[in-house]
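# Tertiary structure, described
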Amino acid sequence: MLISIIVPVYNSALYLEKCIDSILSQTYSNLELILINDGSTDSSREIMETYKKSDARIVLINKINTGVSDSRNTGIKASSGQMICFIDSDYLEIFTSNFENNNTLLIQSLNRNGTLKNIYNYKSYSIKTDIDPLFTDNDLLYCGGPMAKFYDQSVIQKNNILFAKNVTYGEDLIFFLEYIKHSDFIRFLPDAKYHYRLTEGSLSTKRNYPVKNYIEVHHAISQFINWAKITKDSTLKYFYAIDWDILEAGIDQNIHKNLKNQKEDFFNLEKSITSLHYKYGNKKQKILYFFIKINNLLILKMYKSFLLKLSKLRKAI
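Residues numbered from 1 in each chain as written. Predicted model: local features only at pLDDT ≥ 70, side-chain atom pairs only at ≥ 80, totals over all residues. Heavy atoms only, no water.

### Notes on empty space enclosed by the protein
To be explicit about the condition: For cavity detection a 1 Å grid was placed over the protein atoms alone, and a set of points counts as a cavity when a 1.4 Å probe fits there but cannot get out; an open set counts as a pocket when protein lies on both sides within 12 Å along at least five of seven lines, with lining residues being those that have an atom within 4 Å of a point. Grid points are joined across faces, edges and corners, and a volume is the space filled by probe spheres set on the points. Each residue receives one of three labels: charged for Asp, Glu, Lys and Arg, nonpolar for Ala, Val, Leu, Ile, Met, Phe, Trp, Tyr, Cys and Pro, and polar for the others, Gly being one of them.
Considered as a void within the structure, the largest cavity measures approximately 40 Å³ in volume. As for the largest cavity, its lining consists of F266, L269, F291, I292, N295, N296, L297 and L300. When grouped by side-chain class, the residues that make up the lining of the largest cavity number six nonpolar, two polar and no charged.

Here it is, written out as structure tokens:
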């Protein structure tokens with residue numbers, strides 16, 4: 001089985017050699033390493049070119065800077081493997097030894113900066129019959145990143161599943177939810193062989209994106225709820241709690257900006273939130289729901305400013 005490992009690279013010279021060495025030293029060697037140089041301005045390109053000369057398994061693609069989503073999409077289109085792994089930094093053997101079929105998505109835990117990030121229930125879930133415990137028991141909406149997952153290339157290609165280039169935060173969750181729609185099972189493995197390093201200035205550490213970005217993620221969650229036909233109260237409560245977290249983050253980061261430039265985005269938000277957002281929201285979110293629905297950005301801004309001041313006051317006491 002040939003595995004395509006896709007690594008988007010942008011100004012990562014400091015950790016790049018360790019990343020590539022870790023991949024090439026896997027005990028499972030039937031792989032192609034697709035390095036996507038996303039317009040790096042440091043020595044990343046030179047490092048990758050040196051590795052390419054010494055290992056025929058490496059495919060190097062240099063392109064202008066268009067973002068991580070477009071880089072991953074470029075890697076998907078260039079891939080030749082049966083399976084695909086996305087790595088932003090010795091874990092392939094775990095996947096290959098547990099591989100069952102193309103309809104089962106295998107997931108490992110993440111080791112982030114030396115700490116185990118995800119603790120799953122290590123078993124297999126049916127997408128058709130176990131959608132409720134799959135998400136609520138494993139907090140799966142917070143585990144949408146492409147790392148430590150064993151994606152099937154044919155499923156991606158057949159269903160044209162790509163990363164949304166217009167979304168810079170949460171694009172991985174959108175991809176993940178779309179992939180689940182075309183899978184039969186998800187199996188969690190009791191391993192954390194993927195080590196993930198958060199570096200200063202990376203997209204993973206930034207928290208300032210346009211409100212439109214958050215609304216796109218919100219739409220994906222809403223569409224998935226409808227697709228999965230989720231009706232169980234506890235599961236709906238879980239989904240809407242996270243959806244509210246995403247929406248509030250988008251509002252908080254953008255409400256202080258020029259409101260005239262955001263009218264259309266907030267208007268689209270008003271059309272997409274439903275009575276279920278009100279039902280499963282907390283007291284503050286129920287009030288926020290009302291202000292969003294009347295589509296008055298000035299009042300919405302005043303309300304969020306009040307909550308911010310109240311929070312600061314409570315911390316000071």
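### Let's talk about the sheet that holds strand β3 (residues 58-63)
The condition that has to hold: For two strands to be treated as a pair, DSSP must find no fewer than two bridges joining them. Only runs of H or I of at least four residues qualify as helices and only runs of E of at least two qualify as strands under DSSP, and these elements are numbered from the N terminus. Every angle, taken between N-to-C directions, lies between 0 and 180 degrees, and every axis is a line fitted to C-alpha atoms, over only the stretch in contact when it is a helix. The contact criterion used throughout is that any non-hydrogen atoms of two residues lie within 4.5 Å.
Taken together, eight strands build an open sheet; the order of strands is β3-β2-β1-β4-β9-β5-β10-β8 and the sheet is mixed. Either end of the sheet is taken by a strand with one partner, and the two such strands are β3 and β8 (124-126). The mean inter-strand angle of the sheet, taken between neighbouring strand axes irrespective of direction, is 25°. Here four bridges tie strand β5 (residues 104-107) to strand β10 (residues 185-188), and the two strands are oriented parallel to one another. Along β10, the bridge assignment pairs I107 with F188. Each of β1 (3-9), β2 (31-38) and β3 touches helix α1 (residues 13-24); the most contacted strand, β2, lies at about 160° to it. Packing against the sheet, helix α3 (residues 68-78) makes contact with β1, β2, β3 and β4 (83-86), and its axis sits at approximately 145° to β2.

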